[in-house]
Amino acid sequence: MPSKQEKKHLAAVEPFLEPGEHALAALTAQAKGVSAARGTAAGVAGIAGVVAGEALGKKPGKEHVSASDVGLDISAPMAIVLTDRRLMTLRTGTPIGMGLGGAIKSMLSAVPVTDVESIELSRFGLGKRVELTVRGVTINLECNGGASTDEFAEAFNGLPKA
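Residues numbered from 1 in each chain as written. Predicted model: local features only at pLDDT ≥ 70, side-chain atom pairs only at ≥ 80, totals over all residues. Heavy atoms only, no water.

J.: Help me out: how do you make sense of the overall build of the chain in this one?
T.: Each helix and strand in the chain was counted, giving five helices and nine strands. In sequence order, the secondary structure elements of the chain are arranged as α-β-α-α-α-β-β-β-β-β-β-β-β-α. Counting every position in the chain, which comprises 162 residues, the buried fraction comes to 43%. A fraction of 57% describes how many contacts in the chain between residues 6 or more apart in sequence connect residues 24 or more apart. As presented, the chain carries roughly 8200 Å² of accessible surface, and 58% of it is formed by carbon and sulfur atoms. (Helix = DSSP H or I, 4+ residues; strand = E, 2+ residues; numbered from the N terminus. Buried < 20%, exposed > 50% of the residue type's maximum accessible area, 1.4 Å probe, protein only. Contact = heavy atoms within 4.5 Å. Areas by Shrake-Rupley, 256 points an atom, 1.4 Å probe, with all protein chains shown as cover.)

Right, dumping it as structure tokens:
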């Protein structure tokens, strides 16, 4: 069952849909490694900590490069919305929890759903990982433990294959 945040994303994505397009599932996600970079940053303070995290190799740059290779922008914080036609990334405000915060601000990017080859899921600690393969390029994302990743993958697997 979608979380409050995911339901909020599904309701708010309508202005970004093409005529006749339908949103099927949504996730709040970020590039793999963003949490680790922020964790490292917590040990130092504020912006200096983020810089220190990047200097220590905690920046998830590989995922950003992989995503941009196939036309996706995976800036954090973001929502990923699967429609019957596209896989979209949307910039959001910072989610606070319990459905608060995280409002959709703008569309970042979209690729035709026919370009998405697979969506693989795994658990990692308290969170979840989502591995998207788009035009042969793998993009690793992470979500919180309450994310409806199974429903997202089921929605993708239910789409007609070209």
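Don't stop here, the text continues.
J.: I keep staring at the pattern of salt bridges and nothing clicks. Help me out?
T.: Where charged atoms from two side chains of opposite charge come close, those side chains can pair. Tallied over the full model, the rule gives four salt bridges. Here Glu21 and Arg86 are joined by a salt bridge, their closest N and O atoms 2.8 Å apart. Residue Glu21 is located in the loop between helix 1 (4–12) and strand 1 (23–31), and its partner Arg86 is located in strand 3 (residues 86–92); the two are separated by 65 residues in the primary sequence. Taken as a pair, Glu21 and Arg86 share a single burial class, namely buried. In this structure, Arg135 engages Asp115 in a salt bridge whose closest nitrogen and oxygen atoms are separated by 2.8 Å. With a gap of 20 residues between them, Arg135 in the loop between strand 8 (127–134) and strand 9 (137–143) and Asp115 in the loop between strand 6 (104–112) and strand 7 (116–124) connect regions that are remote in the sequence. For Arg135, a relative accessible area of 42% corresponds to the partly exposed category. Here the salt bridges do not stand alone but share partners, grouping Glu18, Glu21, Arg85 and Arg86 into one network. (Salt bridge = Lys/Arg side-chain N within 4 Å of Asp/Glu carboxyl O.)

J.: Please clarify how the side chain of Thr83 should be interpreted in this entry.
T.: As for its position among the elements, Thr83 is in strand 2 (residues 78–83). On the basis of relative accessible area, Thr83 is assigned to the buried category, the value being 0%. Here Glu21 takes part through its side chain, which lies 2.6 Å from a polar atom of the side chain of Thr83. Within the local environment of Thr83, its side chain forms a polar contact with the backbone nitrogen of Arg85, the two atoms lying 2.9 Å apart. Residues in contact with Thr83, not counting those within four places in the same chain, are Leu17, Glu21, His22, Ala23, Leu24, Met88, Val113 and Leu159. (Polar contact = N/O pair within 3.5 Å; in protein donor to acceptor, adjacent residues only side chain to side chain.)

J.: I keep staring at helix 1 and nothing clicks. Help me out?
T.: Three- or four-residue spacings in an α-helix give side chains the same orientation, since the helix completes a turn every 3.6 residues. Those residues of helix 1 lying buried are Gln5, Glu6 and His9. Looking straight down helix 1, one finds its buried side chains confined to an arc of 100°; they lie on one side. The outward face of helix 1, more than 90 degrees from its buried face, is lined by the exposed residues Lys4 and Ala11. (Arc of directions from axis to C-beta.)

J.: What am I meant to see in the sheet that holds strand 9 here?
T.: Strand pairing in a sheet relies on backbone hydrogen bonds, with the paired strands running either antiparallel or parallel. Read across the open sheet, the seven strands follow the order 6-3-2-1-9-8-7; overall the sheet is antiparallel. Each edge of the open sheet carries a strand with a single partner, namely strand 6 and strand 7. Direction aside, neighbouring strands of the sheet carry axes that sit 35° apart on average. Across two bridges, strand 1 lies against strand 9 in antiparallel orientation. Across the sheet, Ala31 pairs through a bridge with Leu141, a residue of strand 9. Helix 5 (residues 149–157) contacts strand 1, strand 2, strand 3, strand 7, strand 8 and strand 9 of the sheet and is inclined by roughly 165° relative to strand 7. (Pairing = 2+ DSSP bridges. Axes fitted to C-alpha atoms, helices over the stretch in contact; angles between N-to-C directions.)

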